[in-house]
Amino acid sequence: MIEDLLPVLSVLIASGAPSIGAIYAITTVGTTMAGAGTEKPEILTKALIAVVLAEAIAIYGLLTSFMLVTKIPTITTLADSYKALIASLIMGISGLSAAIGIARSGSAMAGAMLERPETFSKNVVGVVLAEAIAIYGLLVAFMLIAQIGVAPIPH
Amino acid sequence: MKIGSGWVRDMIKPLKMKKIRAITYRPYFHRVAAVLAESGVFHPFISSEAEDWLRKGLVRRVDVSKDLSKIDAILGSIDKAAIELSETSSIDLPSFKSLDEAMKMLEDIEDEGYLCRVKDLLEECRKSIAEGYIDTARSSLGKLRDLVGTYRFSLEFMSSTLEVCDCIVFEGWTPAGYVEKLCEDIKRASEGYSIVEVADPGEEDHPPTVIETPRTLKVFERLAVAYGLPSYHEFNPAIFFSITFPIIFGLMFADVGHGLLLLILGLACIRAKRMGGEYGEIIGYFVDNGLFFVSLGVSSIIGGLLYGDIFGFHGVIHPIGFSIRIGNTWIPIGGYNPVAMLEHGNLMPMFKFALFVGAIHITLGLLINLAVKLVNREYLEALTEPIPWLWLYVGLIYMVFTLKYDIFNIVNLFSQHLTMVIVALVIPLALMILGKGLLEGFMEAASFTFEAVISTIGNTVSYGRVMALLLSHGMMSSMFIQLSHGMSLPVQIAVIALGTFLVMFIEGLIVFVHTVRLHWVEWFSKFYKGEGIEFKPLRIGKGGYV
């Protein structure tokens, strides 16, 4: 019973949590960009990087949930459904935390570029490092999902 | 080819600069300033030595604020006259009030000689207005504005110079190739009333940077320099950037089909550029950077061949690959499909390969660091920083690939592999701490060593994203193929085409951003600071002093 529910629930978490994070980051950065862009439209192309990276979080969630969906037919044991749940939680939590980082550093970066556009190259590091957290989550989630439904390799 | 001379040097190092210090008699200064601005290769600055003179009261700053406000007033009244002139029909004569005001103000400006021509022009203008030649009056008014603008420009330049008695002292940087001509020009313009000194940049100087990247590599220069301009003693990173950037992009965006599309896009852009024409901002970016897309496309095709991916279909072409051996580990380079590996739950080969890519890239960065130190003849610094760092890094990578998980078994490590530990870790660490400690103090050395070791390990692990993005690229393109499964052929083609477009656009952008990030954060921290000063020569522009 529960091993039927858990995989589906993990699909929900894997696509839901990163989506919430992504939309939080996009709205935060997007509104700052809209304000900054009225003053200095030429910074928008560079500031767009934060929105792209925020959107990437949703894509990582999509990929994780897609992989989980393809794995559902092979999930037979309780252990496998736990793996699916934890993998989705890894992606979800890391996606959410990356989104918080991108939202704050991304909008601060757009604001800072209004006054001094040359600060972009240093400030973008904060955004990119925040996004890295989501990538690490994706990496670990992939590794965990890859183990689902695979017979353990004999040593 | 010898680095240090000829075109190789010009390509990878900023142009050689010379420091010019000149003293000229005050009445000739405006002519000298005009010559400097015309040459367009003179970057004014004030050296620390001159600041020292300033502190001691040997020289003082030139005060031009009064003259500047007068000139601004004159410019204002010239503009007013021009407006009046444009509103006047050829029959009615304009009032000369504003021009007369300007004339009056000219009387009490110093530097009579230079402004003599201004007066002549003004007189000419009045005459042609009186005679009714409006067009002639307009053109001489335009000339007048240029002349006064030039004067304003040299006044502004004067405000950043120093004066002693009746002489003006100014300093600046010039590329070495232009130095002789510029000195001659200064002497000629001042009719011999000047002393010009030329010197090489000293230890404490920070000359501005001029880099001459070949035109085809300008795209990469822009990407690299967006991080920061190289300082005078650094290498131009664009050349190395242009080699590693497409390779790492291609390893993440590995798909023969997508690569082909990028290649076609690049070729189309190059063709559009040849044809000329006007394009919008975003399309203009693409058109200008055709070669960039060609290089990314070629690299993606090679990556696609390594992983056997074409438009997300795996199994159509067989992945080509080979393995190389480091220590006890075989590292597969290509020869498997990432999505197929994921389905089998075997991700280790890909992860090993991603770390291997990182190790190669970082080693390259450290080698560049070493080369910079050697070219600048900082042999002692080379021996204490890049050499032990490189040694330690290569040793560490070798140990990891040889011992694998055994590396965490400390007791075993010291009892069985003591020689390796000493050669790969202890000697370079000792060299680094001792060498840097004797040069800069031991606290400094300890913190540098700690940071070098920790950050290098962290940076190498960070290349794990090569694998993550490769997987997500493969997954995303195969996702649309699975979605379209079982539909009729036209629908299938439409879904796959839509998917390809999405993957090309979103995934391409993400991979691009991450490739830039790997270069800026992980790679540049090994050899590049990017704290150069932009070369801003004196030039007469529309607003005067540019």
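Along its length, chain A carries 4 helices and 0 strands. The principal-axis extents of the C-alpha atoms in chain A amount to approximately 60 × 30 × 20 Å. Across the 155 residues in chain A, those meeting the buried criterion constitute 52%. Across chain A, the fraction of contacts at a sequence separation of at least 24, relative to all contacts at a separation of at least 6, is 87%.

Before going further, it helps to spend a moment on the interface of chain B and chain A. Contacts between chain B and chain A engage 21 residues on the former and 21 residues on the latter. Only helix H21 (464-483) and helix H22 (489-527) of chain B provide two or more residues apiece to the side of chain B that touches chain A. For the side of chain B that touches chain A, the element with the most residues is H21(B), which contributes 8 residues. Among the residues making up the side of chain B that touches chain A, the classes are represented as 14 nonpolar, 5 polar and 2 charged.

A few words on the packing of helix H10 (residues 238-252) of chain B against H21(B). Residue and element names in this part refer to chain B. The geometry of H10 relative to H21 is characterised by a closest axis approach of 7 Å and an angle of 50° between their N-to-C directions. Our classification of the angle between H10 and H21 gives oblique. Contacts between H10 and H21 involve Ile248, Leu251 and Met252 from the former and Val466, Leu469, Leu470 and His473 from the latter. Residue composition of the contact of H10 with H21, grouped by class: 6 nonpolar, 1 polar and no charged.

Here we come to the pairing of strand S10 (residues 329-334) of chain B. A regular strand places its side chains so that they alternate between the two faces of the sheet. All names here are of chain B. Of the strand pairs in this sheet, strand S9 (residues 321-326) and S10 are connected by 6 bridges, and their pairing is antiparallel. Within S10, the position partnered with Ile326 by the bridge is Thr329. What sits between the antiparallel neighbours S9 and S10 is a turn of 2 residues, in which Gly327 has the positive phi angle 60°.

This brings us to the domain arrangement of chain B. For chain B, the assigned domains read domain 1 (65-158) and domain 2 (238-527). For domain 1 of chain B versus domain 2 of chain B, the distance between C-alpha centres works out to 63 Å.

Moving on: the confidence of the model for chain B. Residue and element names in this part refer to chain B. Looking at chain B, the pLDDT average stands at 84 and 92% of residues meet or exceed 70. Scored below 50 in pLDDT, residues 542-546 shows 9 contacts in the model against residues more than four places distant or in partner chains. Taken over the whole predicted complex, pTM reads 0.82, whereas the ipTM for its chain interfaces reads 0.74.

Turning our attention to the nonpolar core. In terms of nonpolar packing, the biggest core is built from 128 residues, with Val29(A), Ala50(A), Ala54(A), Ile102(A), Phe142(A), Met252(B) and Val466(B) touching the most fellow members. Once residues lying within four places of it in the same chain are set aside, the contact partners of Val466(B) are Ile248(B), Leu251(B), Met252(B), Ala354(B) and Val357(B). Counting 35 residues, the second largest nonpolar core, distinct from the first, contains Ile20(B), Phe29(B), Cys125(B) and Ile168(B).

With that settled, the discussion passes to the environment of Leu162(B). Residues and elements named next belong to chain B. Secondary-structure assignment places Leu162 in strand S4 (residues 162-164). Each C-alpha atom, one on Leu162 and one on Cys183, is 19 Å from the other, the two residues being 21 residues apart in sequence. For Leu162, the contacting residues outside a window of four places in its chain are Ala50, Leu54, Val59, Arg60, Arg61, Val62 and Val169.

With that settled, consider the packing of helix H2 (residues 44-71) of chain A against H21(B). To describe two helices that pack against each other, one gives the angle between their axes and the distance between the axes. Running from N to C, H2(A) and H21(B) cross one another at 65°; their axes reach a closest spacing of 10 Å. One way to sum up the angle between H2(A) and H21(B) is to call them roughly perpendicular. Judged by the sense of rotation from one axis to the other, the crossing of H2(A) with H21(B) is left-handed. From H2(A), Tyr60(A), Leu63(A), Phe66(A) and Met67(A) reach across to H21(B), where they touch Ser472(B), Met475(B), Met476(B) and Met479(B). Partitioning the contact of H2(A) with H21(B) into residue classes produces 7 nonpolar, 1 polar and no charged.

For the rest of this paragraph, the subject is the pairing of strand S5 (residues 167-175) of chain B. Residues and elements named next belong to chain B. Of all 9 residues making up S5, 7 are buried, and the element is well covered by its neighbours. Of the pairings in the sheet, the one linking strand S1 (residues 17-25) to S5 comprises 9 bridges and is antiparallel in character. Paired with Lys18 across the strands is Thr174, a residue of S5. In this structure, strand S2 (residues 43-45) lies alongside S5, joined through 3 bridges in antiparallel fashion. Within S5, the position partnered with Pro44 by the bridge is Gly172. Pairing analysis gives 3 bridges linking S4 to S5, with the strands arranged antiparallel. Bridge pairing in S5 places Glu163 opposite Ile168.

Basis of the calculations
- Position numbers for residues start from 1 in each chain and track the written sequence from start to end.
- Think of it this way: whatever chain is written first is A, whatever ligand is written first is 1, and the rest follow in order.
- Note on the predicted model: pLDDT of at least 70 is required for a residue's local features to be given, and 80 or more for side-chain atom pairs to be given and counted; whole-chain, interface and lining totals, by contrast, use all residues.
- Runs of H or I in DSSP of at least four residues are treated as helices and runs of E of at least two as strands, each being numbered from the N terminus.
- Exposure criterion: with C-beta atoms placed from backbone coordinates, a residue whose C-beta has 20 or more other C-beta atoms within 10 Å is buried, one with 12 or fewer is exposed, and one in between is partly exposed.
- Once C-beta atoms are placed from the backbone, any two residues with those atoms within 7 Å are in contact.
- Gly is put with the polar residues, along with every residue not named as nonpolar or charged; the nonpolar set is Ala, Val, Leu, Ile, Met, Phe, Trp, Tyr, Cys and Pro, and the charged set is Asp, Glu, Lys and Arg.
- Working convention: axes come from line fits to C-alpha atoms, limited for helices to the stretch in contact. Angles between N-to-C directions cover 0 to 180 degrees.
- In what follows, roughly perpendicular refers to angles from 65 to 115 degrees, roughly parallel to angles under 35, roughly antiparallel to angles over 145, and oblique to any angle outside these ranges.
- If DSSP finds at least two bridges between two strands, the strands pair.
- Those domain boundaries reflect an automatic or database domain assignment.
- pLDDT measures the predictor's confidence residue by residue and takes values from 0 up to 100.
- A set of buried residues qualifies as a nonpolar core if it consists of Ala, Val, Leu, Ile, Met, Phe, Trp, Tyr and Cys joined through C-beta atoms within 7 Å.
- The handedness criterion is simple: a crossing whose near helix is rotated anticlockwise from the far helix by less than a right angle is left-handed, and one whose near helix is rotated clockwise is right-handed.

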